[in-house]
Amino acid sequence: MRFIKRIFITLLVLILVLVGVSYLLPGKAELSRSITINAPASAIFPYVNSMQETEKWSPWLTRDPETQLSYSGPEAGVGNTLNWASEHPQVGTGSQEIVESVPDQTVKTALDFGPMGSASASFDLTPEGEQTQVTWGFESDLGMNPMSRWMGLMMDKWVGGDYERGLTNLKALVEEQG
């Protein structure tokens, strides 16, 4: 009986330590990836300023070709919204709406993953001579949930590769058009 009691107390202390340490972890998950595309910002901007156009280079749609997509709002720019639904755990269900759009410079979006939380994403286009550096960023407030804070440590590993694949797809698409 003492052995079981010690195991229980040890587990309880371990859980309390993990919860306590989680509040010392960052309260935001942030990541970004960049790529240089051999094209002017004006050739890239339409592909990041329209949810419909993101279908052509999205790194997630290849994971589940059966993903259900629907759009609302204008065809491009502020208010353009994508809703998606997938049974695939790495695609899931959610929505993304363009909330800010500065032609040939930046696009900011609000992401809603339902019970999984919300986040924001951005595309920044920086001219570099005849090329453009495209930076795709992501930020999510992790709140006070200890589990979210631990998961936030893994965000770069989980999503970073997808951002790299997406930017590589975007680069190929834009450079083929040029």
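Residues numbered from 1 in each chain as written. Predicted model: local features only at pLDDT ≥ 70, side-chain atom pairs only at ≥ 80, totals over all residues. Heavy atoms only, no water.

Engineer: Outline the overall build of the protein chain, listing residues and values.
Structural biologist: Check the secondary structure of the protein chain and you find five helices and seven strands. Tracing the protein chain from N to C terminus, the helices and strands come up as α-β-α-α-β-β-β-β-β-β-α-α. In summary, the protein chain has a C-alpha radius of gyration of 20 Å against a globular reference of 16 Å for 178 residues, an excess of more than 25%. Overall, the C-alpha framework of the protein chain stretches about 75 × 35 × 25 Å when taken along its three principal axes. (Helix = DSSP H or I, 4+ residues; strand = E, 2+ residues; numbered from the N terminus. Rg over C-alpha atoms; globule rule 2.2 N^0.38 Å.)

Engineer: For the side chain of D64, give the residues involved together with the corresponding values.
Structural biologist: Residue placement: D64 occurs in the loop between α3 (51-54) and β2 (68-72). Here D64 occupies a buried position and makes no salt bridge, while the nearest side chain of opposite charge, R63, is found at 10 Å. A polar atom in the side chain of D64 sits 2.9 Å from the backbone nitrogen of E66. The residues contacting D64, other than those within four sequence positions of it, are S86, E87, H88 and V91. (Buried < 20%, exposed > 50% of the residue type's maximum accessible area, 1.4 Å probe, protein only. Lys, Arg positive; Asp, Glu negative; His and termini not counted. Salt bridge = Lys/Arg side-chain N within 4 Å of Asp/Glu carboxyl O. Polar contact = N/O pair within 3.5 Å; in protein donor to acceptor, adjacent residues only side chain to side chain. Contact = heavy atoms within 4.5 Å.)

Engineer: Hey, could you go over the packing of aromatic side chains for me, with residue numbers and the actual values?
Structural biologist: In total, this model carries seven aromatic pairs according to the counting rule given. Note on W60 and Y163: the rings are 6.2 Å apart at their centroids and 75° apart in plane angle, and the pair reads as edge-to-face. In this pair, W60 sits in the loop between α3 and β2 while Y163 sits in helix α5 (residues 155-177), placing the two residues 103 residues apart along the sequence. Residue W60 is classed as partly exposed on the basis of its relative accessible area, which comes to 24%. Each ring, one from W84 and one from F113, has its centre 6.2 Å from the other, and the planes form 70°; the classification is edge-to-face. (Phe/Tyr/Trp six-rings, centres within 6.5 Å; stacked < 30°, edge-to-face > 60°.)

Engineer: Which residues make up the packing of helix α2 (residues 41-48) against α5, and what values go with them?
Structural biologist: Between α2 and α5, whose axes approach to 10 Å, the crossing angle comes to 130°. Here α2 lies oblique to α5, going by the angle between them. Relative to α5, the crossing made by α2 is right-handed. For the pair α2 and α5, contact is made by A43, I44, Y47 and V48 and by L170, L173, V174 and Q177, respectively. Partitioned by chemical class, the residues of the contact of α2 with α5 number seven nonpolar, one polar and no charged. (Axes fitted to C-alpha atoms, helices over the stretch in contact; angles between N-to-C directions. Parallel < 35°, antiparallel > 145°, perpendicular 65-115°, else oblique. Left-handed = near helix turned anticlockwise from the far one by under 90°. Nonpolar A, V, L, I, M, F, W, Y, C, P; charged D, E, K, R; others polar.)

Engineer: Let's hear about the nonpolar core: which residues, and what values?
Structural biologist: In this structure, I37, I44, W57, V134 and L170 are the most contacted members of the largest nonpolar core, which totals 33 residues. Those elements giving two or more residues to this core turn out to be β1 (28-37), α2, β3 (81-85), β5 (106-112), β6 (118-128), β7 (131-141) and α5. It is α5 that contributes the most residues to this core, seven residues altogether. Setting aside residues up to four positions removed in sequence, W57 forms contacts with Y47, V48, F123, W136, G166, N169, L170 and L173. (Core = buried A, V, L, I, M, F, W, Y, C linked by side-chain atoms within 4.5 Å.)

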